[in-house]
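This is what each chain is made of:
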Amino acid sequence: TKYASEISFNTSQAVATLAATTTVSAIGSTTATSGGNITYNGGATVTVSGVVWSTTSTPTIALSTKTTNGAANGVYTSTITGLTPGTLYYVRSYAINSVGTGYCAHISFRTGIRSLPTLTTTTAISTITATTAVSGGNVTSSGNDLLTAKGICWSTSSIPSNQDISLLSTKTSNGTATGTYVSSLTGLTPSTLYYVRAYATNSVGTVYGNEL
């Protein structure tokens, strides 16, 4: 067998190929999570990838809001922000190379509607001393919003359920996560009757647990 001299060639490049847009999760009133999977870069380096979303179907990067996840191959995750509560959105993954932009089919999701947090109970008072005690609460839902504060509040008079928490100086702040928490009452006066309530606050307002 004889061979001629060797020459080389490149096959045509194409836009990147993506698998299905990642199912939307962690849906809140203003945020959500999605992503994509670049299965083939089209024979050219992917320079930008992410997800693009809109209130109209088939969103594009030219007309809609998007995330920028940088160059990527394979699976990636994107955080969608700045959404409007109670709104239907369409989202799809994209990837850009030197040829152009490749898109996946869009999927849809609806953001949650903000409401007050759900606070199931005020924890029974324990470890009572002359000047301190322990209580707490259990926030089971943030109300499709970010908690801004939670804790317990106390007073020598009954605390109404519509009390403006900012007017109460005797309270604790136990972070912004949901779930069970424990709080310490301090600076109490000996032999004094106190009223205690758990509370949780988001942008809608403050909810209180049962009074003890």
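Here, the structure is the one placed above.
Quantities reported herein were computed from a predicted structural model and do not represent experimental measurements.

Cut-off values and rules
Residues numbered from 1 in each chain as written. Predicted model: local features only at pLDDT ≥ 70, side-chain atom pairs only at ≥ 80, totals over all residues. Heavy atoms only, no water. Helix = DSSP H or I, 4+ residues; strand = E, 2+ residues; numbered from the N terminus. Rg over C-alpha atoms; globule rule 2.2 N^0.38 Å. Contact = heavy atoms within 4.5 Å. Core = buried A, V, L, I, M, F, W, Y, C linked by side-chain atoms within 4.5 Å. Buried < 20%, exposed > 50% of the residue type's maximum accessible area, 1.4 Å probe, protein only. 1 Å grid on protein atoms, 1.4 Å probe; cavity = no way out; pocket = protein on both sides within 12 Å on 5 of 7 lines; lining within 4 Å. Points joined across faces, edges and corners; volume = space filled by probe spheres on them. Nonpolar A, V, L, I, M, F, W, Y, C, P; charged D, E, K, R; others polar. Pairing = 2+ DSSP bridges. Salt bridge = Lys/Arg side-chain N within 4 Å of Asp/Glu carboxyl O. Polar contact = N/O pair within 3.5 Å; in protein donor to acceptor, adjacent residues only side chain to side chain.

1. Some details on the overall build of the chain
- Summing up its helical and strand segments, the chain has zero helices and 14 strands in all.
- In sequence order, the chain lays out its α and β elements as β-β-β-β-β-β-β-β-β-β-β-β-β-β.
- Rg of the C-alpha trace for the chain: 27 Å, well past the compact-globule value of 17 Å for 212 residues, more than 25% over.
- Considered along the principal axes of its C-alpha atoms, the chain spans approximately 105 × 40 × 20 Å.
- The contacts in the chain between residues at least 6 apart in sequence include a share of 68% that link residues at least 24 apart.

2. Topic: the environment of A26
- With respect to the secondary-structure elements, A26 resides in the loop between β1 (17–18) and β2 (32–40).
- In this structure, A26 is in contact with T31, A32 and T33, ignoring residues within four places of it in sequence.

3. Points about the nonpolar core
- L119, V139, I152, W154, L185 and L188 are the most contacted members of the largest nonpolar core, which has 14 residues in total.
- Ranked by residue count, the leading element in this core is strand β13 (residues 195–201), at three residues.
- Not counting chain neighbours up to four residues away, the residues in contact with L188 comprise A130, T131, T132, A133, W154 and Y194.
- By size, the runner-up hydrophobic cluster in this structure holds nine residues, among which are V24, L83, Y89 and F109.

4. Some words on the layout of surface pockets
- Approximately 160 Å³ is the volume found for the largest pocket.
- Lining the largest pocket are 14 residues, and of these I128, A133, L188, T192 and Y194 lie nearest its centre.
- Here the lining of the largest pocket is composed, by residue class, of ten nonpolar, four polar and no charged.

5. Side note on the pairing of β2
- Examined bridge by bridge, β1 and β2 share two bridges and lie antiparallel to one another. Note on β2: the bridge partner recorded for T17 is Y40.

6. So, the pattern of salt bridges
- As enumerated under the stated definition, the model contains one salt bridge in all.
- A salt bridge links R114 to D145; the nearest nitrogen and oxygen atoms lie 3.7 Å apart. Remark: D145 occurs in the loop between β10 (133–141) and β11 (149–155) and R114 occurs in the loop between β8 (107–110) and β9 (118–122); sequence separation between them is 31 residues.
- R114 gets classed as partly exposed once you look at its relative accessible area, which sits at 37%.
- Residue classification places D145 among the buried residues on the basis of a relative accessible area of 14%.

7. Some remarks on the sheet that holds strand β5 (residues 74–80)
- Spatially, the three strands line up as an open sheet ordered β1-β2-β5, and their pairing is antiparallel. Either end of the sheet is taken by a strand with one partner, and the two such strands are β1 and β5.

8. Focus: the side chain of S78
- Summarising the element assignment, S78 is placed in strand β5.
- Of the residues examined, S78 reaches a relative accessible area of 1% and is grouped as buried.
- In this structure the side chain of S78 is engaged in a polar contact, spanning 3.1 Å, whose partner is the side chain of T67.
- At a separation of 2.7 Å, a polar atom in the side chain of S78 contacts the side chain of N69.

The values reported here are purely geometric and, on their own, carry no functional implication.
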